[in-house]
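If you want the building blocks of each chain, they are given just below.
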Amino acid sequence: MTGLATSWLGRHYQHLAEVDSTNDYLKERADSLPHGAVVTADLQTKGRGRRGKSWVALPGQSLAMTALLHHWKLEEMGRLPLIAGLAVAEGLEQLCGISCQIKWSNDVLLGGQKLCGILCESRIARHQGFAVVGIGINLRQQQQELHDLGLVYAVSLFSVTGKYFGAEDVAAAVLNQLELLLEQYSAEGFGPILALYRRRCVTLGQTVRVLWEDREQLGTALDIGEDGSLLCNIDGKVRSVVAGEASVRGIYGYSGL
Ligand code: BTN
């Protein structure tokens, strides 16, 4: 991959013309693939998003990429989406000169609209296993094409900057940052990464709709916890909300996600 400056991430690399989902492809082959293996695809026929949603992109219009991390611990799983979101934001800043924000936990936004979605999954037993980090970045879509797909709150790098960025260049820029952040995480823990993340996180201070005690409730996002959870004020009490249990209101100019 041109532009890749990593020592282990993406050094085992496969590009596929078509696949069901790059996440599923790596999960099915994780046992035989090395730590840091990466797969990308021009087209996903069953691209998956979070909360059971699908991830749709026409062939060649977006980056669909998944990285495999062996030995990821279950108790660290809440941090991975934040690390990945930060890697995308920093990689795109370096490559494209744009400043992205992050909507907790890991939607990467440009001008308040969604540019990138991330789906982290794991298979972890007895504290040991693997995680996959699936990253989808809108590259070349026109605004109208996104609207036609029903993605009314999405943007692409092209639709905002007017420039085409190649999938391989974007993949390399993101992987370079992701390896740096993962190395920093191993050496120094989550604290320094959290500090960088907070600066980009647009969720803090916002009203959030939270699934709490099996009920949807409104809260205010106060901070991010050491485990990557969102600390919210719900009915005067500080609650720690994990990804999948909160959706942020107001960021896209509409109240539901
Ligand atoms: C979301 O915002 O809902 C997450 C979207 C994640 C999409 C990426 S594209 C590459 C990888 N393969 C998948 O099937 N999903 C992720």
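Only a predicted model underlies this, so the values are computations on that prediction, with no experimental measurement involved. (Residues numbered from 1 in each chain as written. Predicted model: local features only at pLDDT ≥ 70, side-chain atom pairs only at ≥ 80, totals over all residues. Heavy atoms only, no water.)

Colleague: Looking at this structure, I do not really get helix 5 (residues 167-188). What am I missing?
Modeller: Count 3.6 residues to each turn of an α-helix, and residues three or four apart come out pointing the same way. Across its 22 residues, helix 5 extends 31 Å between first and last C-alpha, which sits within 8% of the 32 Å expected from 1.5 Å per residue. Backbone geometry just downstream of helix 5 places Gly189 in the positive-phi region, at approximately 85°. (Helix = DSSP H or I, 4+ residues; strand = E, 2+ residues; numbered from the N terminus. Expected span 1.5 Å × (residues − 1).)

Colleague: Quick question: what am I supposed to make of the site of the ligand here?
Modeller: Around the ligand sit 20 residues in total, of which Ser21, Gln44, Arg48, Arg50 and Lys114 are the nearest. Contact distances for the ligand include 2.8 Å between a nitrogen atom and a side-chain N or O atom of Gln44. Take Arg50: an N or O atom from its main chain is 2.7 Å from an oxygen atom of the ligand. At a threshold of 2 Å from the grid points, most atoms of the ligand map onto the largest pocket. When contributions to the shell around the ligand are tallied by element, the ones reaching two or more residues are helix 1 (22-29), strand 3 (62-70), strand 6 (113-125) and strand 7 (128-138). The element contributing the most residues to the shell around the ligand is strand 6, with four residues. Taken together, the residues of the shell around the ligand break down into six nonpolar, ten polar and four charged. (Near = heavy atom within 4 Å. Polar contact = N/O pair within 3.5 Å; in protein donor to acceptor, adjacent residues only side chain to side chain. 1 Å grid on protein atoms, 1.4 Å probe; cavity = no way out; pocket = protein on both sides within 12 Å on 5 of 7 lines; lining within 4 Å. Sits in = over half its atoms within 2 Å of the grid points. Nonpolar A, V, L, I, M, F, W, Y, C, P; charged D, E, K, R; others polar.)

Colleague: How do you make sense of the side chain of Gln217 when you look at a structure like this?
Modeller: If you trace the backbone, Gln217 turns up in strand 9 (residues 215-224). Those residues in contact with Gln217 that lie beyond four places of it in its chain are Val208, Arg209, Val210, Trp212, Ile234 and Asp235. (Contact = heavy atoms within 4.5 Å.)

Colleague: I tried to follow the sheet that holds strand 11 (residues 237-241) on my own but got confused; where do I start?
Modeller: Backbone hydrogen bonds hold the strands of a sheet together, and the pairing may be parallel or antiparallel. Pairing in this open sheet of five strands is antiparallel, and the strands run 11-10-9-8-12 from one edge to the other. On the outer flanks of this sheet lie strand 11 and strand 12 (246-248), each paired with one strand and no other. The mean inter-strand angle of the sheet, taken between neighbouring strand axes irrespective of direction, is 40°. Examined bridge by bridge, strand 10 (residues 230-234) and strand 11 share five bridges and lie antiparallel to one another. By the bridge assignment, Cys232 is partnered in strand 11 with Arg239. (Pairing = 2+ DSSP bridges. Axes fitted to C-alpha atoms, helices over the stretch in contact; angles between N-to-C directions.)

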